[in-house]
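Chain residues, written in single-letter form:
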Amino acid sequence: MGPMTRLLVQRISLGLLLLFLVSIVIFAGTMILPGDVAQQILGQSATPEALANLRAELGVDQPPVSRYFDWLGGLLTGDLGTALTSGQSINEAVGRRFANTLFLAVSAAIIAVPLAIFLGLLAVRYQERWPDKLISATTLTTISMPEFVIGYILMFVLGVQLGWFPPTSVGYRPDADFLTRLNSIAIPVMVLTLVVLAHMMRMTRAAILNVMQSAYIETAELKGMPMLKIISKHAFPNAIAPVVNVVMLNLAYLVVGVVVVEVVFVYPGMGQYLVDHVTKRDIPVVQACGMIFAAIYIGLNLVADIVSILTNPRLRHPK
């Protein structure tokens, strides 16, 4: 086994180990949540006997260790379990909700990633001049504001005052045509784009500026090569590894961190599904959503790590 293959195997093994540890944390965390799902289903007037019978029927009266291994075995076979409050398969509900979340995240990523790289290159090209200062000031403003604040501002201005787009996504239908779906998620996509754009742009700018201090960049400048060509042909290709890392991290955020945005805009995605069932104390749904979010986040970070190894000779040959 070569050094690069060994390094990749180590990274993948660490990712799987981390996912296993996260499953323990998620299960233990949901076990200590206050509330009783049997009480939520039967109401406050339920008798102790009825509550005990329902807990036995739902399986929530079993020891935590046996429940964990039953749950983990289901995860390994692709069975997320059954929602306690509705009796429906979590796989089916998550499949529909995840498709909606993915549509929202991909729509934002298609806009945010190219725009962030372009603005990062533009800021480097006009470093310490007004375009750089304007871009930096704007992105710092958006990165300093919580998502729900940006969401309510855009909702009020674009949805209520101007009426350009629906203020919420209540009317979103997966079976509608593509343009109708895009119109219903326009404001949530803007919010997500503004949130991740700032981080990606600033990291792209920092990575390229770090490369610009290299000797070969100075040599290209002394040869009289135009600055735009130096950035595009020499600096950016050598800064691609950290740029890919930050893009992957923000893609993970777009999928995992949409909970607030989905709740604000009443969007029928994974985040809204998770919040709805937290209030119902539906533990299997909360655990399933938590594991899906964790797997996506760890998986995209793992992809970023592998891309960094493949694109960086110093990581491919650590000795």
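Preceding this section is the structure that the text describes.
(A) Quick peek at the overall build of the chain. Helix and strand counts for the chain come out as 16 helices and zero strands. Here the chain, with 319 residues, has 40% of them falling under the buried criterion. Considering only contacts within the chain whose residues lie at least 6 apart along the sequence, 72% involve residues at least 24 apart. In the form shown here, the chain has an accessible surface area of approximately 16900 Å², with 66% of it arising from carbon and sulfur atoms.

(B) Examining helix 6 (residues 130-143) more closely. Here helix 6 spans 20 Å end to end across 14 residues, near enough to the 20 Å set by a 1.5 Å rise per residue. Among the residues of helix 6, Pro-131, Asp-132, Ile-135, Ser-136, Thr-139 and Thr-142 are the ones counted as buried. An end-on view of helix 6 places all buried positions within 135° of arc, on one side of the element. Exposed residues pointing more than 90 degrees away from the buried face of helix 6 are listed as Trp-130 and Lys-133. Buried residues in helix 6 make contact with helix 5 (90-125), helix 7 (147-161) and helix 9 (186-211).

(C) How the structure looks around helix 5. With 36 residues, helix 5 extends 50 Å from end C-alpha to end C-alpha; this agrees with the ideal 52 Å at 1.5 Å per step. By the largest-angle criterion, Ala-109 marks the main kink of helix 5, which is about 30°.

(D) Layout of the packing of helix 7 against helix 9. Here helix 7 crosses helix 9 at 140°, and the two axes come no closer than 9 Å. Regarding the angle of helix 7 to helix 9, the classification is oblique. The hand of the helix 7/helix 9 crossing is right-handed. Contact residues: helix 7 offers Glu-147, Ile-150, Gly-151, Leu-154, Met-155, Leu-158 and Gly-159, while helix 9 offers Ile-187, Met-190, Val-191, Leu-194 and Val-195.

(E) View of unusual backbone geometry. Positive phi values are uncommon outside glycine, yet Val-266 reaches one of about 50°. A relative accessible area of 40% means that Val-266 is categorised as partly exposed.

(F) Structural context of the environment of Ala-109. Summarising the element assignment, Ala-109 is placed in helix 5. In sequence terms Ala-109 and Asn-250 are 141 residues apart; their C-alpha atoms lie 8.7 Å from each other. When sequence neighbours within four positions are dropped, the list of residues in contact with Ala-109 reads Pro-114, Leu-251 and Leu-254.

(G) Structural view of the packing of helix 5 against helix 9. At a minimum axis distance of 7 Å, the contact between helix 5 and helix 9 shows a crossing angle of 35°. Crossing of helix 5 against helix 9: the hand is right-handed.

(H) Structural view of the side chain of Ser-107. Structurally, Ser-107 can be placed in helix 5. With relative accessibility at 12%, the residue Ser-107 sits in the buried group. Within the structure, the side chain of Ser-107 is placed 2.7 Å from the backbone oxygen of Phe-103, a separation counted as a polar contact. In this structure Ser-107 touches Leu-182, Ile-185 and Val-189, once residues within four positions along its chain are discounted.

(I) Quick look at the packing of aromatic side chains. Applying the stated rule across the entire model yields zero aromatic pairs. Above the face of the Phe-103 ring, Arg-181 is positioned so that its terminal group lies 4.5 Å from the ring centre.

(J) Structural view of the side chain of Glu-262. You can see Glu-262 is positioned in helix 13 (residues 259-264). For the buried Glu-262, no salt bridge is present, and the opposite-charge side chain at shortest range is Arg-97, 6.3 Å distant. Side-chain polar atoms of Glu-262 contact the side chain of Thr-101, separated by 2.8 Å. Setting aside its immediate chain neighbours within four residues, Glu-262 contacts Thr-101, Leu-104, Tyr-267, Gly-269, Met-270, Gly-271 and Gln-272.

How each quantity is defined
- Residues numbered from 1 in each chain as written.
- Predicted model: local features only at pLDDT ≥ 70, side-chain atom pairs only at ≥ 80, totals over all residues.
- Heavy atoms only, no water.
- Helix = DSSP H or I, 4+ residues; strand = E, 2+ residues; numbered from the N terminus.
- Buried < 20%, exposed > 50% of the residue type's maximum accessible area, 1.4 Å probe, protein only.
- Contact = heavy atoms within 4.5 Å.
- Areas by Shrake-Rupley, 256 points an atom, 1.4 Å probe, with all protein chains shown as cover.
- Expected span 1.5 Å × (residues − 1).
- Arc of directions from axis to C-beta.
- Bend = angle between axes of the 7 residues up to and from the residue.
- Axes fitted to C-alpha atoms, helices over the stretch in contact; angles between N-to-C directions.
- Parallel < 35°, antiparallel > 145°, perpendicular 65-115°, else oblique.
- Left-handed = near helix turned anticlockwise from the far one by under 90°.
- Polar contact = N/O pair within 3.5 Å; in protein donor to acceptor, adjacent residues only side chain to side chain.
- Phe/Tyr/Trp six-rings, centres within 6.5 Å; stacked < 30°, edge-to-face > 60°.
- Lys NZ or Arg CZ within 6 Å of the ring centre and 35° of its normal.
- Lys, Arg positive; Asp, Glu negative; His and termini not counted.
- Salt bridge = Lys/Arg side-chain N within 4 Å of Asp/Glu carboxyl O.

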